[in-house]
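So you can see what is in the structure, the chains are spelled out below.
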Amino acid sequence: MILFDSHCHLDADEFDADRAEVIARAQAAGVRAQVLPAVTAASWPKLRDSCGLAEGLHPAYGLHPMFLDQHRPEHLEQLREWITRERPCAVGECGLDFFVEGLDAGQQQFYFVEQLKIARDFDLPVIVHARRAVEAVIAAIKQVGGLRGVVHSFPGSPEQADQLHKLGFLLGLGGPLTYDRAQRLRRLVAQMPLEQLLLETDAPDQPDASIRGERNEPARLAVIVETVAELRGESAEVIATQTTANAKRLFSIP
């Protein structure tokens, strides 16, 4: 069974002590490819170096809304330069976060829309963070137009999922699915079109229920695929095959 982790922060400091072992465990679990989305301009070099450690590690460069205090307008021009030189598989992680207090909504909107324009200009998919902000994210995607991508750790409704599907956006789902309390999310994954689904860990964050409170890692994607299979009444092999194909198609990875 071949798996594709569409969202993993393998470059995070939490993996500095054992990054090679984490990669080996992921490969042993069937995870043959990972997308590593960036969060700040300062993190881009380390992310690039992390992707050089093994086959199947693919970078995405962007500016995450939760790190708003570290972003500067000149980073947007630097992002264009990095994309031109490094040829990443996507733009991101970018988006909107209306959950965390103290993050200026106007500034978030500025950096998000500008990164959407960069993704459109380079014909790259965009990796979107949307927390308490799905409607605003959809509006921005419509405003810029000509986009495709994924809303990772999708928190929205079936109606919002359908709108995003029509706009060319897939949904990334992972650890939260494994919690019994996540009933709306579990119903969504049971009913959504399988061609819209990407699997993710968001490691080292969002651990599944069986390792709650611990560091997450990409090998745990095997738990996610089993959970999705159970919720949909399909085999894990079917889920793995389709979601891997979805990710390869979106990120233009052979």
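The structure under discussion appears in the preceding block.
Residues numbered from 1 in each chain as written. Predicted model: local features only at pLDDT ≥ 70, side-chain atom pairs only at ≥ 80, totals over all residues. Heavy atoms only, no water.

Colleague: Please set out the sheet that holds strand β6 (residues 149-152) residue by residue, giving values where relevant.
Modeller: The eight strands are arranged β1-β2-β3-β4-β5-β6-β7-β8 in an open sheet whose pairing can be described as parallel. Each edge of the open sheet is held by one strand with a lone partner, namely β1 (3-5) and β8 (197-199). Direction aside, the axes of adjacent strands within the sheet are offset by 30° on average. For β1 and strand β2 (residues 31-37), the ladder comprises three bridges, and the chain directions are parallel. The residue of β2 that forms the bridge with phenylalanine 4 is alanine 33. (Pairing = 2+ DSSP bridges. Helix = DSSP H or I, 4+ residues; strand = E, 2+ residues; numbered from the N terminus. Axes fitted to C-alpha atoms, helices over the stretch in contact; angles between N-to-C directions.)

Colleague: Please provide a residue-by-residue account of the pattern of salt bridges, values included.
Modeller: Pairing of side chains with opposite charge becomes possible as their charged atoms draw close. Applying the stated criterion across every chain yields a total of 19 salt bridges. Across the pair aspartate 97 and arginine 131 runs a salt bridge, and its minimum N-O distance is 2.9 Å. With a gap of 34 residues between them, aspartate 97 in strand β4 (residues 90-97) and arginine 131 in strand β5 (residues 126-131) connect regions that are remote in the sequence. What makes arginine 131 partly exposed here is its relative accessible area of 30%. (Salt bridge = Lys/Arg side-chain N within 4 Å of Asp/Glu carboxyl O. Buried < 20%, exposed > 50% of the residue type's maximum accessible area, 1.4 Å probe, protein only.)

Colleague: Help me get a handle on unusual backbone geometry, residues and values and all.
Modeller: In this model, glycine 92 is joined to glutamate 93 through a cis peptide bond whose omega is 20°. Tracing the chain through its elements places glutamate 93 in strand β4. Omega for the bond connecting alanine 203 with proline 204 falls within 30 degrees of zero, at 10°, which places this linkage in the cis form. In this structure, proline 204 sits in the loop between β8 and α8 (221-232). Look at arginine 87: it is not a glycine, yet its phi comes out positive at around 55°. With respect to the helices and strands, arginine 87 occurs in the loop between α3 (74-86) and β4. Note on arginine 87: relative accessible area 64%, which makes it exposed. The backbone of aspartate 202 sits at a positive phi, close to 60°, despite the residue not being glycine. Checked against the element boundaries, aspartate 202 lands in the loop between β8 and α8.

Colleague: So, the packing of helix α4 (residues 105-122) against helix α5 (residues 134-144): which residues are in play, and what are the values?
Modeller: Running from amino to carboxyl end, α4 crosses α5 at an angle of 45°, the nearest separation of the two axes being 10 Å. Taken together, the axes of α4 and α5 lie oblique to each other. α5 is crossed by α4, and the crossing has right-handed handedness. The segment α4 lies against α5, with Gln109, Phe112, Val113, Leu116, Lys117 and Arg120 engaging Val137, Ala140, Ile141, Gln143 and Val144. Among the residues forming the contact of α4 with α5, the class breakdown is seven nonpolar, two polar and two charged. (Parallel < 35°, antiparallel > 145°, perpendicular 65-115°, else oblique. Left-handed = near helix turned anticlockwise from the far one by under 90°. Contact = heavy atoms within 4.5 Å. Nonpolar A, V, L, I, M, F, W, Y, C, P; charged D, E, K, R; others polar.)

Colleague: Lay out the pairing of β5 in plain terms, naming residues and giving numbers.
Modeller: A large share of β5 lies buried, amounting to five of its six residues. Summarising the sheet, β5 and β6 pair through four bridges and their orientation is parallel. Across the sheet, histidine 129 pairs through a bridge with histidine 152, a residue of β6. At this point the chain moves from β5, through α5, to the parallel β6, and the crossover so formed is right-handed. (Right-handed = clockwise from strand over helix to strand, strands pointing away.)

Colleague: Before we move on, can you summarise the packing of aromatic side chains with the specific residues and values?
Modeller: Throughout the structure, instances matching the rule amount to five aromatic pairs. Ring centres of phenylalanine 4 and phenylalanine 251 lie 6.2 Å apart, and the angle between their planes is 15°; on these two criteria the pair is classed as stacked. Taken together, the positions of phenylalanine 4 in strand β1 and phenylalanine 251 in helix α9 (residues 236-251) put the pair 247 residues apart, joining distant regions of the chain. Classification of phenylalanine 251 by relative accessible area gives buried; the value is 3%. One aromatic cluster is present, formed by Trp44, Tyr61 and Trp82 through successive ring pairs. (Phe/Tyr/Trp six-rings, centres within 6.5 Å; stacked < 30°, edge-to-face > 60°.)

Colleague: Explain the layout of surface pockets residue by residue, including any values.
Modeller: By volume, the largest pocket amounts to about 1,000 Å³. What lines the largest pocket is a set of 39 residues, and nearest its centre among them are His129, His152, Asp202, Asp205 and Gln206. It is β5 that provides the largest number of residues to the lining of the largest pocket, a total of three residues. Residues belonging to the lining of the largest pocket are distributed by class as follows: 18 nonpolar, ten polar and eleven charged. The volume enclosed by the second largest pocket comes to roughly 190 Å³. The wall of the second largest pocket is formed by Pro59, Ile83, Arg87, Pro88, Cys89, Phe122, Leu124, Pro125, Arg148, Phe251 and Ser252. A per-class count over the lining of the second largest pocket returns eight nonpolar, one polar and two charged. (1 Å grid on protein atoms, 1.4 Å probe; cavity = no way out; pocket = protein on both sides within 12 Å on 5 of 7 lines; lining within 4 Å. Points joined across faces, edges and corners; volume = space filled by probe spheres on them.)

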